[in-house]
Amino acid sequence: MAGPSLTPSAALDGAALVAEIESLAERLAQARGSVEGRFIGQEKVVELVLTAILCGGHGLLVGLPGLGKTMLVDTLSTVMGLKSSRIQFTPDLMPADILGSEVLETAPDGSRAFRFIEGPVFCELLMADEINRASPRTQSALLQAMQEKQVTVAGQHRPLGRPFHVLATQNPLEQEGTYPLPEAQLDRFIVQIDVDYPDRDTERAILLATTGLDAGEVSQVFTPEAILAAQTTVRRMPVGEQVVEAILDLVRACRPGEAEATARVRQAVSWGPGPRAAQALMLGVRARALLNGRLAPGIEDVAALARPVLTHRMALSFAARARGESLPEIIDSVATEVTRIEAAA
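Residues numbered from 1 in each chain as written. Predicted model: local features only at pLDDT ≥ 70, side-chain atom pairs only at ≥ 80, totals over all residues. Heavy atoms only, no water.

Section: helix H3 (residues 69-79)
Next up, step 1: Taken as a whole, H3 has its buried residues at Lys-69, Leu-72, Val-73, Thr-75, Leu-76, Ser-77 and Val-79.
Next up, step 2: One or two positions beyond H3, positive phi appears at Gly-81, with a value near 70°. (Buried < 20%, exposed > 50% of the residue type's maximum accessible area, 1.4 Å probe, protein only. Helix = DSSP H or I, 4+ residues; strand = E, 2+ residues; numbered from the N terminus.)

Considerations on the state of the cysteines
Next up, step 1: For the structure shown, the criterion picks out zero disulfides.
Next up, step 2: No disulfide involves Cys-55; its sulfur sits 19 Å from that of Cys-254, the nearest cysteine.
Next up, step 3: Overall, the relative accessible area of 7% leaves Cys-55 in the buried class. (Disulfide = S-S within 2.5 Å.)

Considerations on the environment of Thr-233
Next up, step 1: For Thr-233, the position within the fold is in helix H8 (residues 224-236).
Next up, step 2: Residues Thr-233 and Glu-20, 213 residues apart in the sequence, show an inter-C-alpha distance of 7.7 Å.
Next up, step 3: Every residue in contact with Thr-233, bar those within four places of it in the chain, is listed here: Glu-20, Ile-21 and Leu-24. (Contact = heavy atoms within 4.5 Å.)

Examining the pairing of strand S7 (residues 156-159)
Next up, step 1: Pairing analysis gives four bridges linking strand S6 (residues 150-153) to S7, with the strands arranged antiparallel. Directly across from Gln-150, in S7, lies its bridge partner Pro-159.
Next up, step 2: Remark: two residues form the turn of the hairpin made by S6 and S7, two consecutive strands paired antiparallel; Ala-154 in that turn has positive phi of roughly 55°. (Pairing = 2+ DSSP bridges.)

Section: the sheet that holds strand S1 (residues 59-62)
Next up, step 1: Strand order in this open sheet of five strands is S2-S5-S8-S1-S9, and the pairing throughout is parallel. If you trace the sheet from one side to the other, it starts and ends with strand S2 (84-88) and strand S9 (191-194), each paired once. When the angles between neighbouring strand axes are averaged without regard to direction, this sheet yields 20°.
Next up, step 2: Sheet topology note: the strand S5 (residues 125-129)/strand S8 (residues 165-170) ladder contains four bridges and is parallel. Looking at the pairing, Leu-126 lines up with Val-166 of S8. (Axes fitted to C-alpha atoms, helices over the stretch in contact; angles between N-to-C directions.)

Remarks on the packing of aromatic side chains
Any aromatic ring pair is given by two values, namely how distant the centres are and how the planes are angled relative to each other.
Next up, step 1: With the rule as written, the count across this model stands at one aromatic pair.
Next up, step 2: When the centroid spacing of 5.8 Å and the interplanar angle of 70° are considered together, the rings of Phe-116 and Phe-122 count as edge-to-face. No difference in accessibility class separates Phe-116 from Phe-122, as the two residues are buried.
Next up, step 3: For Arg-27, the ring lying beneath its charged end belongs to Phe-222, and the centroid distance is 4.8 Å.
Next up, step 4: The aromatic ring of Phe-116 is capped on one face by Arg-158, whose charged end is 4.0 Å from the ring centroid. (Phe/Tyr/Trp six-rings, centres within 6.5 Å; stacked < 30°, edge-to-face > 60°. Lys NZ or Arg CZ within 6 Å of the ring centre and 35° of its normal.)

Considerations on the packing of helix H9 (residues 241-253) against helix H12 (residues 299-310)
Next up, step 1: Axis separation between H9 and H12 bottoms out at 10 Å; the angle between their running directions is 30°. Classified by the interaxial angle, the pair formed by H9 and H12 is roughly parallel. Taken as a pair, H9 and H12 cross one another with a handedness that is right-handed. Taking contact as the criterion, the partners of Gln-242, Val-243, Ala-246, Ile-247 and Leu-250 in H9 are, on H12, Ile-299, Val-302, Ala-306 and Leu-310.
Next up, step 2: Partitioning the contact of H9 with H12 into residue classes produces eight nonpolar, one polar and no charged. (Parallel < 35°, antiparallel > 145°, perpendicular 65-115°, else oblique. Left-handed = near helix turned anticlockwise from the far one by under 90°. Nonpolar A, V, L, I, M, F, W, Y, C, P; charged D, E, K, R; others polar.)

As for the confidence of the model for the protein chain
Next up, step 1: Summarising the model, the protein chain shows a mean pLDDT of 87, and 93% of its residues fall at 70 or more.
Next up, step 2: When the criterion is pLDDT under 50, residues 1-6 qualifies, and its contacts beyond four places in sequence or with other chains add up to one contact. (pLDDT = per-residue confidence, 0-100.)

A closer look at the pattern of salt bridges
Next up, step 1: Enumeration according to the criterion identifies 19 salt bridges in this entry.
Next up, step 2: Note that Asp-187 is salt-bridged to Arg-276, the shortest N-O span being 2.8 Å. Of this pair, Asp-187 sits in the loop between helix H6 (183-186) and S9 while Arg-276 sits in helix H11 (residues 275-291), and the two are 89 residues apart along the sequence.
Next up, step 3: On the basis of relative accessibility, which here comes to 18%, the residue Asp-187 falls in the buried class.
Next up, step 4: Of the residues examined, Arg-276 reaches a relative accessible area of 29% and is grouped as partly exposed.
Next up, step 5: Salt-bridge contacts for Arg-252 lead to Glu-260; the nearest nitrogen and oxygen are separated by 2.9 Å.
Next up, step 6: Arg-252 gets classed as partly exposed once you look at its relative accessible area, which sits at 31%.
Next up, step 7: Residue classification places Glu-260 among the partly exposed residues on the basis of a relative accessible area of 40%.
Next up, step 8: Among the charged side chains, a network of salt bridges with common partners joins Arg-32, Glu-36, Glu-47, Arg-288, Arg-294, Glu-300 and Asp-301. (Salt bridge = Lys/Arg side-chain N within 4 Å of Asp/Glu carboxyl O.)

Put into structure tokens, the structure is as follows:
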């Protein structure tokens, strides 16, 4: 029996969306190549950062000092055409140092009035360097900004730039004098991006590319308006029912209290991801498909994004940590099982 036929207007809309996706994919390939030309050998990191931006979200970069995280953000701001700011988080940093404050000014006629001086958060791409070094009070100042894209100072709601993205860094090794991010703030990051040491060949390429006179120039590919349009396109991309089911199966299998949870999750996981993780996966698989030049996401995108989306939204139990269990390995095992079942369905 023949399926329902598309109306002429629906067919035109579908053709326009396909053309829009293909054009955007070409532009993203150009931007991606430009960033990877300076951030050498970290293709997966670049893909995840661009995924976060296409989803309209924020990224948490976890890695040791000296791996190029600051250079990545600087290069990204140039390529994507975003006004950027950088905050070095320290224990004595105050919320006003991030958000801004009001000052009392005296006019030439003697009158006085308060004037708001914007803080570094009023930008389009914010690098929060070593975010876990700031006190909880200062960390919480970013919560409203990251979620609601506005801040409240002296009772006034002040909108931030559009688009607005935060790329925060954490040093996983030196934990003395740090304040671990609370679960509520970790959940604001759409992905956790692990930045590892480069292999030997990559490090050789880095040495040759960065210690000469020519450091490599990057050019602007996007504008803020183009990024906002790209984020709209991502949300319009179709997602198959199989992919939706795979996302639901994955998230629910990682919650120890759910009937769908695997035996290993019940034994090792203290708490699992909430609905925001499923939302992040739903957007992330679309963005990853777009970055790879595909019109719609597949099961492989769910598996690829399982660890970046879920790692910072779960916690091991004390007994599991004592046994030396690894949360990323647990997530990988669950993702492999879920995607295998969905692929066979």
